[in-house]
Amino acid sequence: MRMVRALALPALLLPIAAATVPSACSSGRAPVTPPASASRAQEKAAITAVKKAGKAGGQLWGETCGRCHNFRSPASYNAKEWDVAMRHMRLRAYLTAEEEKAIAEFIESASDGESQVAGPRTQRR
Amino acid sequence: MRPASVLLLATLLLSVGSLSLGQEQLSGPQPASGSERNEQAALGTTDFLITGWAFGGFESSQGKNSNFSSGVSPILLWKLGDRIFFESEVEISLESGETSVDLEYAHLAYFLNDHTTLGVGFFLTPFGSFRERLHPAWINKLPDMPLALDEESGIAPTSSLGLQARGAVQVGAVGINYALYVSNGPALKTEGEEAGRLDFGNFRDSNKGKAVGERLGLLLFPELEVGYSLLEGKVGAQKTEFRDLKAFLQAVDLNYVKTIAAVKGRLDVRVEWVWSRVDDATHGIIAFHNVSSGGYAQLAYRPSQAGAKAIRDLEAVVRYDALRLPKGAPVSTDQKRWAGGLGYWLGPSTILKAAYESLRTTDRATGETTTTRSFLLQAAIGF
């Protein structure tokens with residue numbers, strides 16, 4: 001029974017927490033520094049994009065993607081591909097729907113900036 | 001199914017039910033306008049992506065033939081509307097002169113609400129954080145895996161066949177993530193040199209009991225995550241004298257990643273430790289106190305804010321890892337290894353790695369100790 005209690009406790013507590021503290025997601029986050037990348041130009045573009053897009057999406061992008069790996073250029077996938085990749089990352093990185101949405105919107109806005117240099121890209125539907 | 005499994009499933013379903021009530025549904029389908037429906041119909045609603053990673057490597061160890069290796073792991077992703085998602089990874093590699101093809105995961109997920117996802121199939125086991133998030137060659141800082149977490153020699157589960165519920169919630173400034181699962185579970189090996197060890201590649205359940213497990217992670221602040229995992233289940237084959245033997249595994253993991261201006265770069269700290277206990281058998285080749293442990297601690301530093309590009313793209317890493325197998329087991333060793341490596345990032349997901357390792361192995365039966373030094377090279381890419 002010790003095992004059952006250990007398993008059941010977080011399962012019970014988490015939904016209660018989720019139900020009683022809805023949408024507290026973005027509070028208390030510190031300013032983000034984009035994770036390291038190989039290209040100085042990409043890093044500069046990303047920093048500019050973070051500033052333009054506002055804190056939430058850019059912050060989450062830096063915090064969640066950089067927690068495991070270097071961040072990829074927003075231009076590395078088109079908008080539809082990012083939609084799929086972000087859904088994969090929502091599973092792998094334990095993102096909430098709100099975080100997934102905020103990061104996807106940030107990537108879209110950042111890639112709009114990069115596309116002026118990189119050329120035309122597939123448009124988000 | 002054992003009472004523990006039934007209770008866990010009931011708890012899991014209750015949790016899911018409560019979560020689905022009273023929550024803002026960001027992920028749920030939204031009514032589409034006429035023009036949106038037309039646009040969706042024109043473009044289709046199923047999105048597909050092939051991504052993945054690949055590597056080529058070289059290893060030279062004392063007392064062994066040096067060897068090249070290579071592998072590719074395509075990841076196939078399908079997004080079928082807003083709620084259904086399928087992910088799969090196939091690992092293709094050259095090992096011992098043969099091509100090995102292994103399914104890493106094939107997982108169908110249903111996004112129930114903003115904070116809970118249900119999954120069925122073959123999924124990366126949410127046990128610790130290395131296996132789920134850090135094992136791809138372009139993410140792993142060194143060319144090889146920690147001894148205790150290696151798919152072949154390790155003591156932790158890699159992939160599981162079953163059901164899971166997972167998700168995340170934010171409570172104030174603290175992020176909480178969780179995963180609960182029921183699976184076929186590992187099987188106890190009872191013959192040969194590996195007798196007493198757990199087989200995590202057990203795709204057919206060897207008994208009527210199901211394994212249950214969970215991982216709970218806390219993001220105390222965005223750069224720091226700590227996690228606790230456990231797995232419990234029957235591991236003995238049903239029609240043998242070992243059928244009542246159970247295994248209980250625990251793990252703790254810590255991940256800290258932060259760019260610090262004072263050191264002009266990014267620090268990446270990873271720690272994961274696993275403890276495994278299998279009930280003692282009363283007779284036979286596995287009649288020993290079956291307790292194993294192992295894990296790793298790793299520090300990486302990348303001077304990402306240095307002036308020269310050639311310096312910015314370097315990353316230094318040092319890792320200590322260990323694996324202690326039970327005394328009395330057919331293979332009863334205590335291994336401790338130090339590794340130092342240097343990586344050079346050609347791109348955000350392309351790296352060249354070189355590492356030097358020193359492995360000290362002590363035979364717990366005789367006390368004899370040997371040291372093996374190795375030199376490893378690897379080129380890895382995430383695509």
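About the criteria used
Residues numbered from 1 in each chain as written. Chains lettered and ligands numbered in written order. Predicted model: local features only at pLDDT ≥ 70, side-chain atom pairs only at ≥ 80, totals over all residues. Helix = DSSP H or I, 4+ residues; strand = E, 2+ residues; numbered from the N terminus. Buried ≥ 20, exposed ≤ 12 C-beta atoms within 10 Å, placed from the backbone. Contact = placed C-beta atoms within 7 Å. Pairing = 2+ DSSP bridges. Core = buried A, V, L, I, M, F, W, Y, C linked by C-beta atoms within 7 Å. pLDDT = per-residue confidence, 0-100. Expected span 1.5 Å × (residues − 1).

Caption draft 1: Representation of the overall build of chain A in the model. Helix and strand counts for chain A come out as 5 helices and 0 strands. Reading the helices (α) and strands (β) of chain A from amino to carboxyl end gives α-α-α-α-α. Going through the 125 residues of chain A one by one, you find that 47% of them count as buried. Looking at chain A alone, contacts between residues at least 24 apart form 77% of all its contacts between residues at least 6 apart.

Caption draft 2: Seen up close, the pairing of strand β12 (residues 246–260) of chain B. Residues and elements named next belong to chain B. Across 11 bridges, strand β11 (residues 224–234) lies against β12 in antiparallel orientation. Pairing of S229 across the sheet is with A251, part of β12. The sheet contact formed by β12 and strand β13 (residues 265–278) spans 14 bridges and is antiparallel. In the strand pairing of β13, T259 is matched with R266.

Caption draft 3: Focus on the pairing of strand β5 (residues 116–124) of chain B. All names here are of chain B. In terms of strand pairing, strand β4 (residues 98–113) meets β5 through 7 bridges, oriented antiparallel. If you follow A106 over to β5, its bridge partner there is F122. Between β4 and β5, which pair antiparallel and follow one another directly, the connecting turn spans 2 residues. Note: β5 against strand β6 (residues 159–171), 8 bridges, orientation antiparallel. If you follow G119 over to β6, its bridge partner there is Q164.

Caption draft 4: A look at unusual backbone geometry. Phi angles above zero are rare outside glycine, and Y94(A) is one such case at about 55°. Along the chain, Y94(A) falls in the loop between α4 (79–92) and α5 (97–118). What makes Y94(A) buried here is the crowd of 27 C-beta atoms within 10 Å. One non-glycine residue with positive phi stands out, namely K264(B), at about 50°. By secondary structure assignment, the location of K264(B) is in the loop between β12 and β13.

Caption draft 5: Structural view of the environment of Q305(B). Residues and elements named next belong to chain B. Among the secondary structure elements, Q305 is positioned in the loop between β14 (290–302) and α4 (309–312). On the neighbour-count criterion, Q305 (17 C-beta atoms within 10 Å) is partly exposed. On a C-alpha basis, the gap between Q305 and V263 in space is 8.5 Å, while along the polypeptide they are 42 residues apart. Apart from the residues within four sequence positions on either side, Q305 is in contact with A261, K264 and G265.

Caption draft 6: A look at the nonpolar core. Residue and element names in this part refer to chain B. Grouped together as the largest cluster of nonpolar side chains are 45 residues, with contacts concentrated most on A148, A156, L188, V235 and V274. Those elements giving two or more residues to this core turn out to be α3 (130–134), β6, β7 (174–183), β8 (187–188), β10 (211–221), β12 and β13. Counting residues per element, this core draws most heavily on β7, which supplies 6 residues. What A148 contacts, discounting residues up to four positions off in sequence, is G154, I155, A156, V274, G294, G295, Y296, D321 and L323.

Caption draft 7: Region of the structure containing the environment of S183(B). All names here are of chain B. By the secondary structure assignment, S183 is in strand β7. For S183, a count of 24 C-beta atoms within 10 Å gives the class buried. Taking C-alpha positions, S183 is 20 Å from D150, a pair spaced 33 residues apart along the chain. Residues in contact with S183, not counting those within four places in the same chain, are S160, L161, G162, K210 and A211.

Caption draft 8: Up close: the confidence of the model for chain B. Here chain B averages 89 in pLDDT, and 88% of its residues register 70 or above. Confidence drops under pLDDT 50 across residues 16–29 of chain B; counting only partners more than four residues distant or on other chains, this segment forms 36 contacts.

Caption draft 9: Structural detail: the confidence of the model for chain A. All names here are of chain A. Taken residue by residue, chain A gives an average pLDDT of 66. The fraction at 70 or more is 45%. Confidence, read as mean pLDDT per element, is least for helix α1 (residues 2–20) in chain A (47) and greatest for α4 (94). Predicted confidence for residues 15–38 stays below pLDDT 50, and this span has 65 contacts to residues more than four positions away or in other chains. For the stretch residues 116–125, pLDDT sits under 50, and the model shows 15 contacts to residues farther than four places along the chain or on other chains.

Caption draft 10: Examining α4(A) more closely. Residue and element names in this part refer to chain A. In this model α4 runs 20 Å from its N-terminal to its C-terminal C-alpha over 14 residues, within 8% of the 20 Å that 1.5 Å per residue would give. For α4, every residue scored as buried is listed here: W82, V84, A85, R87, R90 and L91. Of the residues trailing α4, Y94 is marked for its positive phi of about 55°.

Caption draft 11: Expanded view of the environment of S293(B). Residue and element names in this part refer to chain B. Residue placement: S293 occurs in strand β14. Residue class for S293 comes out partly exposed when judged on the 17 C-beta atoms lying within 10 Å of it. A sequence separation of 240 residues divides S293 from W53, and the C-alpha atoms of the two residues are 30 Å apart. Among all residues touching S293, those that are not within four sequence positions of it are V274, W275, S276 and R324.

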